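Structural overview for review
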Amino acid sequence: MEIIKIKNLSFTFEGREKAVLNNIDFNIKKGEFAVLYGSSGCGKTTLLRLIKKEMNPEGKISGSILYKGINISKLDRKTSASEIGYVMQNPDSQIITDKVWHEIAFGLESLGHNRDFIRRRTAEISSFFGINSWYRKETYKLSGGQKQLLNLAAVMAISPEVIILDEPVSQLDPFAARTFISMIERLNRELGITVIMAEHNLENVFSIADSLTVIDSGKVIYSGAPVNCAEALSCNSKIIKGLPVYAQLHSMLKFNEPCPLNIREASNMIRKNFSNKIDAIEDKNNKKNFENKIIELKNICFRYEKNGPDILYGLNMSVNKGEIYGIVGGNGSGKSTLLSVITGQNTPYSGKILINGKKIKSFSGIAVLPQNPVTVFTGETIEEDFQWYANYLRMDKSDKRIKNLINDLDLTEILNSHPYDLSGGECQKAAIAKILMKDPDIILLDEPTKGIDAWSKEKLIQILRNLAEGGKTIIIVTHDNEFAAETADRCALLFDREIISQDNTREFFSSNEFYTTCAKSMTRGFYKNAVTLKDIIDLYKANGGTL
Amino acid sequence: MKLFSGLHPIALIVFFSAVIGISMFTMNPILSITAIAGGLIFKFMLVRDLSFIKEILCYLIIGLVVTITNPIFSHNGKTVLFFVNDTPVTKESIIYGCCAALMLISVLCWFSCFSYVMTSDKIIYLFSGIAPVLGLVISSSLKFVPAMKKKYHEIYSVQKNLINENSKNLSKLLLAVKSFSSLVTWAIEHTADTSSSMSSRGYGLKNRTSFNLFRFRFIDCLIIFFGAASFIYFIFMIRYENINFIFYPEIIYPKKNIGYLIFCIIWLLIVSMPAFTEIKGEIKWKLLRSKI
């Protein structure tokens, strides 16, 4: 039974010429786990907002969206509010009240339920979601993952039949993201809730989704089971990037078997079809010789408060000029604190920071790309912001460097946009351009892959490589092992307040068994040091395979 | 086991209004001192740390200032003690200053207990009794302000890296202005999201109810009754009898009749009740815990 039917849907925003959505047709069955996939800015959010009446954007709509046979626009407010739940991307801005219990009760209050009912329902929901221990806490004191879980709980309290989620985990770290996704899986499997979820990274949901609808520039280009999508999408190089590594591999090599849905199946596929006569990659270019240490940390100890715990203790680290240095580590291991110590925003109580071998009080040659790149901008448009900053730096407006930056990073089209209207990837590129304007020697990136799609990630890797080749030193702090493996020259693991291990990226990830990349897990015990998709393909070719 | 501070907000507001209301209109050192004693013990049971000593010091200073200032400006009273620059300083005005100081301290002391006990959720509950929207507005601003502060620090530290503080004179100001303008944009985006989150969860439908975690118990009834009754009795006393001292031109004590005596007893009960219940709760808790 179809719960939502979308027929010939087209939509154009108020005051725009080009349609965002073009003749969209698809149905969602009751109890289905449907995933909408596409790169950012493809129209996923618009489509989701059109399904939820209260969130409808302004614009011209044609075609129809039916919920249980009734057109969404004719649905009465109470049904819409109580039967369709909506969770947005940003965990912070959806929270309305100051207390967790009040947040859960909010929807029930709106629907006019009585006290005893709300009391029971909030208790039920909190138990289901494991919120008991923070039930009476202030909402602003929660972590990002807890906030998003609270948003889901608050929506579920109204007991909707359908929940719509718009990239709900893109702002979370991988651990919180997994917790969140498994909660949605529980809601779907245990309670039969229909789930419609937009995602630009399929890694998390590939094995649990019932159906996958792929949207590219406003059109549905694939709709069906995830198993078949790899083949169907193999010709679209942009879209394919967001699939899990094993699905990408499958689509490239076109084996006559179904696409693997998890690492176990992928590992079997590799063992069945690949040979491992040559089982290791010989690295020539990765062993670059770096001689000049540009930044050196010696025995750094840092804590935020006098009587607080040490966040960093006896930390040693050195980064060479012109290299890309990746720092990985779990949640709360102090990665962002380490960055703030390097930039000089926080001062360690013991230890030395040497830049080019000298101890300098403040060093202006460090630029930081923050987790939320939008905080870099203060102007109304990107262009205005750039102009102001160029002025501030006493640069000439027609300075070649700015023009080059805009060209190199491909920003011409977005110069007139407001920073908040940009997609994650676009905003990040613009932010990189801005921080490069002061011509820094060292660039620090804090979780650069957060909230950007696979395509933008690919571009970011290219940008960083070019910068490193141009002599800049880049330090990346990330949760994203895949990204670190593809970008960094050397990687380090931050654990228990210090850098535990530090090695060339390939050695680093191939000697890790658990904390490593997807490609390494897939080829564990088969290939010695394949850590990226490219490595697997290279080894496949070296063993005589053909594409 | 915080019995008194765990009362229902309505009971608390009635009780505190009665105590603070009565203390404000009594110029009677005996009643004021009783109130101060009860209030201070209660406050100590609530906070139990060094900040309590600071508070007492603060009261002492206020008291001293009021006691000294009154005779400087007021020269009423029969008994002249001495002259300063040809102006008389009277015994009555000194005593009046002293009593006024005690009254002021008792009010301040109970206000500080009140603000400690009335946490944001209780205040929100009371306001949503008047109008549901009012409670919600307070609640969401209590969430919004800390979020905004945090965002400002985030933006500031990012901008600080871009705008070099040391290079130009006005940089610090520039930095603040730039960060603030960016914060405003963020706030607009943020509230747009919040409001659509509200409407998507049915805000604006008819018959909105208001949920809270408070339970109304028998003890709350008692407290409300007790508080209200003593306040009415106090008004009666002021209207028909007298419980206040008269200072000028000479000190007259209130008539010690049965009505006055009953009032004193009631007052003693009221102001000692919060401290008493907290202490009782504490003892009970210790006893219960010893059995675990």
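This is a predicted model, so every value here is computed, not measured.

Turning next to the overall build of chain B. Helix and strand counts for chain B come out as 9 helices and 2 strands. Its C-alpha atoms give chain B a radius of gyration of 26 Å, more than 25% over the compact-globule value 19 Å for 292 residues. Expressed along its principal axes, the backbone C-alpha trace of chain B runs to roughly 70 × 60 × 45 Å. Each of the 292 residues in chain B was classed as buried or not, and the buried ones make up 29%. Taking all contacts inside chain B whose residues are at least 6 apart in sequence as the whole, residues at least 24 apart take part in 70%.

Now for the overall build of chain A. From N to C terminus, chain A includes 19 helices and 20 strands. Taken over the C-alpha trace, chain A has a radius of gyration of 25 Å; the compact-globule value for 547 residues is 24 Å, and the two agree within 12%. Structurally, chain A occupies a C-alpha span of about 70 × 60 × 50 Å along its principal axes. Counting only residues that meet the buried cut, chain A has 48% of its 547 residues in that class. Long-range contacts, defined here as pairs at least 24 residues apart, represent 70% of the contacts in chain A between residues at least 6 apart.

Turning next to the domain arrangement of chain A. Residue and element names in this part refer to chain A. Domain assignment breaks chain A into domain 1 (2-224) and domain 2 (321-347 + 358-542). Between the C-alpha centres of domain 1 and domain 2 the distance comes to 31 Å. Listed by partner, the interface residues are 10 residues for domain 1 and 10 residues for domain 2. Taken together, the residues of the side of domain 1 that touches domain 2 sort by class into 2 nonpolar, 7 polar and 1 charged.

A separate point is the sheet that holds strand β7 (residues 162-166) of chain A. All names here are of chain A. If you trace the 6 strands from one edge of the open sheet to the other, you get β6-β7-β8-β3-β9-β10, paired in mixed fashion. Of all the strands in the sheet, the pair left with one neighbour each is β6 (84-87) and β10 (219-224). In this sheet, adjacent strand axes meet at a mean angle of 15 degrees when their direction is disregarded. Alignment of β6 against β7, held across 4 bridges, turns out to be parallel. Following the sheet pairing, Gly85 is matched in β7 by Ile163.

All names here are of chain A. Extensive coverage of strand β17 (residues 442-446) is indicated by the burial of 5 of its 5 residues. In β17, alternate side chains face the same way, and those of Ile442, Leu444 and Asp446 on one face and Ile443 and Leu445 on the other are all buried. Both β17 and strand β18 (residues 473-478) contribute to a ladder of 5 bridges, which runs parallel. Bridge pairing links Asp446 to Val477 in β18.

So, on to unusual backbone geometry. For the bond from B:Tyr248 to B:Pro249, the omega torsion is -5 degrees, close enough to zero to count as cis. For B:Pro249, the position within the fold is in the loop between α8 (218-240) and α9 (258-290). Within the chain, A:Ser217 stands out as a residue other than glycine whose phi angle is a positive 35 degrees. Of note in this structure, B:Asn85 is not a glycine but carries a positive phi near 45 degrees. Locating B:Asn85 in the fold gives a position in the loop between β1 (80-84) and β2 (87-90). Residue class for B:Asn85 comes out exposed when judged on the 4 C-beta atoms lying within 10 Å of it.

Formed by 164 residues in total, the largest nonpolar core has its most connected members in A:Ala153 and A:Leu444. Grouped together as the second largest cluster of nonpolar side chains are 38 residues, B:Met45, B:Tyr59, B:Met237 and B:Trp267 included.

On to the sheet that holds strand β14 (residues 350-355) of chain A. All names here are of chain A. Pairing is antiparallel across the open sheet formed by 4 strands, whose spatial order is β12-β11-β14-β15. The sheet terminates laterally at β12 (312-320) and β15 (358-359), the two strands that pair on one side only. With 6 bridges connecting them, strand β11 (residues 293-302) and β12 associate as antiparallel partners. Residue Ile295 lies in a different strand from β12, and its bridge partner there is Val319. Across the face of the sheet, helix α11 (residues 335-343) comes into contact with β11 and β12 while running at roughly 120 degrees to β11.

Right, let's get into the domain arrangement of chain B. By domain assignment, chain B separates into domain 1 (9-118 + 218-290) and domain 2 (131-200). Between the C-alpha centres of domain 1 of chain B and domain 2 of chain B the distance comes to 43 Å.

Turning our eyes to something else, we now look at the packing of helix α3 (residues 51-73) of chain B against helix α4 (residues 91-117) of chain B. Residues and elements named next belong to chain B. Axis separation between α3 and α4 bottoms out at 8 Å; the angle between their running directions is 150 degrees. Classified by the angle between their axes, α3 and α4 sit roughly antiparallel to one another. Seen from above, α3 lies across α4 with right-handed handedness. Within the contact between the two elements, α3 uses Glu55, Tyr59, Ile62, Gly63, Val66, Thr67, Thr69, Asn70 and Pro71 and α4 uses Ser93, Ile94, Tyr96, Gly97, Cys98, Ala100, Ala101, Leu104, Ile105, Leu108, Cys109 and Ser112. Taken together, the residues of the contact of α3 with α4 break down into 13 nonpolar, 7 polar and 1 charged.

Another aspect to go through is the interface of chain A and chain B. Contact with chain A, which involves 47 residues of that partner, is made by 39 residues of chain B. For the side of chain A that touches chain B, the secondary-structure elements that each account for two or more residues are α2 (77-83), α3 (100-110), α4 (115-129) and β16 (366-369) of chain A. Here the side of chain A that touches chain B gets 8 residues from one element, more than from any other, and that element is α3(A). Class assignment of the residues belonging to the side of chain A that touches chain B gives a composition of 21 nonpolar, 17 polar and 9 charged.

For the rest of this paragraph, the subject is the confidence of the model for chain B. All names here are of chain B. On average, residues of chain B score 89 in pLDDT, and 97% of them reach the 70 mark or higher. The secondary structure element of chain B with the lowest average pLDDT is β1, at 85, and the one with the highest is helix α1 (residues 9-24), at 94. For this predicted complex, the interface confidence reaches an ipTM of 0.90, while the overall pTM sits at 0.88.

Next up on the list: the packing of α3(A) against helix α5 (residues 144-156) of chain A. Residues and elements named next belong to chain A. Contact geometry of α3 with α5 gives a least axis separation of 7 Å together with a crossing angle of 35 degrees. Here α3 runs over α5; the crossing is right-handed. Across the interface between the two elements, Val100, Glu103, Ile104, Phe106 and Gly107 from α3 touch Leu150, Ala153 and Ala154 from α5.

All names here are of chain A. The buried fraction of β7 amounts to 5 of the 5 residues, a majority that puts the element mostly inside the structure. Bridge count for β7 against strand β8 (residues 194-199) is 5 bridges, and the pairing is parallel. For Leu165, the partnering residue across the bridge sits in β8 and is Met197. Traced from β7 through helix α6 (residues 174-191) to β8, the parallel crossover comes out right-handed.

We now examine α4(A). Residue and element names in this part refer to chain A. The end-to-end C-alpha separation of α4 is 21 Å, in line with the 21 Å expected for 15 residues at 1.5 Å each. Taken as a whole, α4 has its buried residues at Ile118, Arg121, Thr122, Ile125, Ser126 and Phe129. Within α4, the buried residues cover an arc of 130 degrees as seen down the axis, which keeps them to one side. Facing away from the buried side of α4 by more than 90 degrees, the exposed set consists of Asp116, Arg120 and Ser127. Looking at the packing, one finds that the buried side of α4 touches α3, α5 and α6. After α4 finishes, the residue Gly130 shows a positive phi value of roughly 70 degrees.

What counts, and at which threshold
Residues numbered from 1 in each chain as written. Chains lettered and ligands numbered in written order. Predicted model: local features only at pLDDT ≥ 70, side-chain atom pairs only at ≥ 80, totals over all residues. Helix = DSSP H or I, 4+ residues; strand = E, 2+ residues; numbered from the N terminus. Rg over C-alpha atoms; globule rule 2.2 N^0.38 Å. Buried ≥ 20, exposed ≤ 12 C-beta atoms within 10 Å, placed from the backbone. Contact = placed C-beta atoms within 7 Å. Domains from an automatic or database assignment. Nonpolar A, V, L, I, M, F, W, Y, C, P; charged D, E, K, R; others polar. Pairing = 2+ DSSP bridges. Axes fitted to C-alpha atoms, helices over the stretch in contact; angles between N-to-C directions. Core = buried A, V, L, I, M, F, W, Y, C linked by C-beta atoms within 7 Å. Parallel < 35°, antiparallel > 145°, perpendicular 65-115°, else oblique. Left-handed = near helix turned anticlockwise from the far one by under 90°. pLDDT = per-residue confidence, 0-100. Right-handed = clockwise from strand over helix to strand, strands pointing away. Expected span 1.5 Å × (residues − 1). Arc of directions from axis to C-beta.

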